[in-house]
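# Architecture and fold: a report
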Amino acid sequence: MPLDQKPAPVPAAAPRPTRVTEPIGPTGPTEPTAPAEAAGHAEAAELAEVTDSGLAASAWSVRSDGPWTHRDLAANGARFHIAELGEGPLVLLVHGWPEYWWAWRHQMTALAEAGFRAVALDLRGMGGSDRTPRGYDPGNLALDITGVIRSLGERRAHLVGHATGGSLAWVAAVMRPSVIQSLTAVSAAHPRQLRRALLTDRRQMAAFDHVLGFQRPWIPERQLVADDGAAVADYLNAWTGPNRLDAEALTAYRKAIQIPSTAHCSIEPYRWLLRSMARPDGIQFARRMKKPITAPTLHIQGAADPVLLAHTALGAGEYVEAPYRWRLLPGIGHFPHEEAPEEFSAELINWIQEHKG
């Protein structure tokens, strides 16, 4: 059953988050702080209202109409929503926070036209996928991704991930190397480099100050859904370069965060990231990520990204025992696939065509 629910009602006392004027960035989860809120299936419904941007959002749904088709798949003990378009070798696209599958709309059409089967996935806890009470550590989320590849009837796929999805792509390439034909990480440092930066680099720590805010129980969830998800628009505007996201995109992501339990589930990976730093599971994960990646890897980074700083992402090639290409895009912020879709798609397609085997 689709999870295209109405946005959750905002508690009367919920504070409005301060407008973002400085960089903000991602983090990880721990044990769910609100199991009751991470519900799972909920009743499908339509939403009709006018947002602050003045755009009418009649009958809004994560299952947007377009040239793609929508369906659900079972993988790794949960149900996942995907959108797919085209035929040919599989390219699996994994979004970051606070987006959902629709972030890849430009790349889906470009990939299909180039002769690929483009599939955009909603991560566990977001978009149209299940909101489970737990399972938001990187190892389990990476198994979600590789499980979806198998559920699509494919043995291997070209994996593309942005931000949180990019971090998980690194993990999937380590945990299930035989499934990943090529890897494209976007605005995502290798997990060991990110861990090191969060422990030693004050500039990267400051860029991740929103993640520190996510560690509090309940309050971040309330702030994210307050005022029709206005905080999400604040984050998106603060994290882009000169090529801002348009009003339609801001509206879509504001509405997506308001689907019940999304605010909670979507920040659980960030809670894990920080809280696991000194715990045995976090230390064990960091050790496991020493294993070299054998998939050809394209690493794309916006030079103006205020969330993941370019110098944090730089140097991931030391973990790759395969062709590795670093691409730094001048004037681009945290969302290269949306800020410069044509340039990004061309770079991605060229890379995949080189390694489609």
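Data block above holds the structure.
Below is a short write-up of the structure. Bear in mind that the values here come from a model prediction, so they are computed numbers and not experimental data.

### Quick notes on the overall build of the protein
When helices and strands are tallied, the protein shows 13 helices and eight strands. Across the 357 residues in the protein, those meeting the buried criterion constitute 61%. Residue pairs at least 24 apart in sequence account for 79% of intrachain contacts in the protein once pairs closer than 6 positions are excluded. For the protein, the exposed area adds up to about 13,400 Å²; of that, 53% sits on carbon and sulfur atoms.

### Side note on the side chain of Arg254
Relative to the assigned elements, Arg254 resides in helix α8 (residues 247-257). Here Asp228 takes part through its backbone oxygen, which lies 3.0 Å from a polar atom of the side chain of Arg254.

### Re the nonpolar core
One finds Leu93, Trp97, Tyr100, Met108, Leu111, Leu224 and Tyr253 to be the most contacted residues of the largest nonpolar core, which totals 63 residues. The leading source of residues in this core is helix α7 (residues 219-239), at eight residues. Listed in part, the 41 residues of the second largest apolar core include Leu92, Ala169, Ala172 and Ala188.

### Observations concerning the pairing of strand β1 (residues 69-75)
Alignment of β1 against strand β2 (residues 78-85), held across seven bridges, turns out to be antiparallel. Note that in β2 the partner of Thr69 across the bridge is Glu84. Taken together, β1 and the strand that follows it, β2, pair antiparallel across an intervening segment of two residues, in which Asn76 is found at a positive phi of about 50 degrees.

### Here we look at helix α2 (residues 138-151)
Residue pairs spaced three or four apart in an α-helix point in one direction, given the helix's 3.6 residues per turn. Over its 14 residues, α2 runs 20 Å from end to end, which matches the ideal 20 Å to within 8%, given 1.5 Å per residue. The element α2 is largely enclosed, with a buried count of 11 among its 14 residues. Buried within α2 we find Pro138, Gly139, Asn140, Leu141, Ala142, Asp144, Ile145, Thr146, Gly147, Val148 and Ile149. Positive phi shows up at Gly153, right after α2, with a value of about 85 degrees.

Rules used in this analysis
- Residues numbered from 1 in each chain as written.
- Predicted model: local features only at pLDDT ≥ 70, side-chain atom pairs only at ≥ 80, totals over all residues.
- Heavy atoms only, no water.
- Helix = DSSP H or I, 4+ residues; strand = E, 2+ residues; numbered from the N terminus.
- Buried < 20%, exposed > 50% of the residue type's maximum accessible area, 1.4 Å probe, protein only.
- Contact = heavy atoms within 4.5 Å.
- Areas by Shrake-Rupley, 256 points an atom, 1.4 Å probe, with all protein chains shown as cover.
- Polar contact = N/O pair within 3.5 Å; in protein donor to acceptor, adjacent residues only side chain to side chain.
- Core = buried A, V, L, I, M, F, W, Y, C linked by side-chain atoms within 4.5 Å.
- Pairing = 2+ DSSP bridges.
- Expected span 1.5 Å × (residues − 1).

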